[in-house]
Amino acid sequence: MATGSDMTPPSTRTEDASSRAPRVLLVSGSRHLESHLHDLVRIAAEAARDAGAELQTLALHELELPVMHYNDRSQRELPAVRRVLETARWADGFILATPEYHGNMSGCLKNWFDFLYGELAGKFAGVIACTGGGGGDMSITSVKNSFMWCHGFTLPFHAAARKTDFADGRLINPKIIDRVQRIAHDVVRYAPLIRAAFEQARATGKGVGAGVAGTHA
Ligand SMILES: Cc1cc2nc3c(=O)[nH]c(=O)nc-3n(C[C@H](O)[C@H](O)[C@H](O)COP(=O)(O)O)c2cc1C
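Rules behind the numbers
Residues numbered from 1 in each chain as written. Predicted model: local features only at pLDDT ≥ 70, side-chain atom pairs only at ≥ 80, totals over all residues. Heavy atoms only, no water. Near = heavy atom within 4 Å. Polar contact = N/O pair within 3.5 Å; in protein donor to acceptor, adjacent residues only side chain to side chain. Areas by Shrake-Rupley, 256 points an atom, 1.4 Å probe, with all protein chains shown as cover. Disulfide = S-S within 2.5 Å. Buried < 20%, exposed > 50% of the residue type's maximum accessible area, 1.4 Å probe, protein only. Pairing = 2+ DSSP bridges. Helix = DSSP H or I, 4+ residues; strand = E, 2+ residues; numbered from the N terminus. Axes fitted to C-alpha atoms, helices over the stretch in contact; angles between N-to-C directions. Contact = heavy atoms within 4.5 Å. Parallel < 35°, antiparallel > 145°, perpendicular 65-115°, else oblique. Left-handed = near helix turned anticlockwise from the far one by under 90°. Nonpolar A, V, L, I, M, F, W, Y, C, P; charged D, E, K, R; others polar. Core = buried A, V, L, I, M, F, W, Y, C linked by side-chain atoms within 4.5 Å.

## Re the site of the ligand
The environment of the ligand is formed by 14 residues, the closest being H32, H36, E100, H102 and C130. Measuring from a nitrogen atom of the ligand, one finds a backbone N or O atom of G132 at 3.1 Å. Isolated, the ligand exposes 620 Å² of accessible area, and the fraction of that covered by the protein chains is 71%.

This is the structure we're talking about:
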């Protein structure tokens, strides 16, 4: 388990996510200021807003997040770490964007994960990636694995853009644009339902009838 386990008392975690606008956190996982990933993020953000989400974007190139140090509890007081924890707690669902680095997600996105655990449980995520030429399966799978290992649920659909899908930093491949937009709409659609079901199950306690939510009760 990572350091960032959710310390919020169960009684304050049970608000009904299905009765308000879906809250989506878009995490942009590149430290490269000129990254092609930023245009993927822009398209996903527009689509999520069009779908009715209340959206926040966490741009990891704008956040001075230290490398997670498991034994250093003082990290939890740093503004960047607090922002990571608070935005993750706030979100019903996530759109996670990563460049593919050495057949994996970026180091900064993995570092974001390392501050979190319970904040992602019972939440929903869609994944988008940007690659130099590969199909993106490796980085997408690594993001989905980490999200699932935090007891989150992932969309069985994803999108990856290669550098050749861009012109002047803009994504121009209509098939990839279409996929990114579908992912955003699906995160907005499913995230509140999954969160509400999970919170309802968690409220029933630790018994096996609560399923995985019972392990977070
Ligand atoms: C350290 C590093 C490792 C990379 N590994 C891969 C890789 O395994 N597969 C791939 O297709 N591209 C790889 N790339 C290329 C990036 O995926 C590509 O440059 C990026 O997604 C596009 O975003 P950018 O505009 O920030 O470069 C790698 C790039 C870097 C810097």
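## Thoughts on the state of the cysteines
Inspection of every chain in the model, using the stated rule, returns 0 disulfides. Not part of a disulfide, C108 finds its nearest cysteine sulfur in C130, a span of 13 Å. A relative accessible area of 17% means that C108 is categorised as buried. We note that C150 lacks a disulfide partner, and the nearest cysteine sulfur, in C108, lies 16 Å from it.

## Some thoughts on the sheet that holds strand β1 (residues 23-28)
Strands sit in the order β2-β1-β3-β4-β5 across an open sheet of 5 strands; the sheet is parallel. Two strands lie at the open edges of the sheet, namely β2 (54-59) and β5 (153-162), each paired on one side alone. Geometrically, the sheet is characterised by an average inter-axis angle of 15 degrees between neighbouring strands, direction not taken into account. For strand β3 (residues 93-99) and strand β4 (residues 124-131), the ladder comprises 7 bridges, and the chain directions are parallel. Note on β4: the bridge partner recorded for G93 is F124. Where helix α4 (residues 137-149) meets the sheet, it contacts β3, β4 and β5, and its direction lies at approximately 155 degrees from that of β5.

## Topic: the packing of helix α1 (residues 37-50) against helix α5 (residues 174-203)
At a minimum axis distance of 8 Å, the contact between α1 and α5 shows a crossing angle of 45 degrees. As judged from the angle between their axes, α1 and α5 are oblique. Note that α1 runs across α5; the crossing there is right-handed. Seen from α1, the contacting residues are L40, I43, A44, A47 and A48; seen from α5, they are I176, I177, V180, Q181, A184, H185 and V188. The residue makeup of the contact of α1 with α5, split by class, is 10 nonpolar, 2 polar and no charged.

## Some remarks on the environment of F147
Mapped onto the fold, F147 is located in helix α4. Between the C-alpha atoms of F147 and R20, which are 127 residues apart in sequence, the distance is 24 Å.

## Some points on the side chain of T154
Relative to the helices and strands, T154 resides in strand β5. Ignoring anything within four residues of it in the chain, the contact list for T154 reads F124, A125, K144, F147 and M148.

## Quick look at the nonpolar core
Within the largest apolar cluster, 33 residues are counted, with the highest numbers of intra-cluster contacts made by F94, L96, W112, F113 and L120. When residues of this core are traced back to their parent elements, those giving at least two are β1, α2 (79-90), β3, α3 (107-114), β4 and α4. Excluding residues within four positions of it along the chain, L96 makes contact with V27, W112, F113, A125, G126, V127, I128, V143 and F147. One finds V24, L37, L155 and F166 within the second-largest nonpolar core, a separate group that totals 29 residues.

## Some words on the environment of F157
Locating F157 in the fold gives a position in strand β5. Classification of F157 by relative accessible area gives partly exposed; the value is 26%. Sequence-wise, F157 and I128 are 29 residues apart; in three dimensions their C-alpha atoms are separated by 9.4 Å. Once you skip the residues sitting within four places of it in the chain, F157 turns out to touch K144, R179, R182 and I183.

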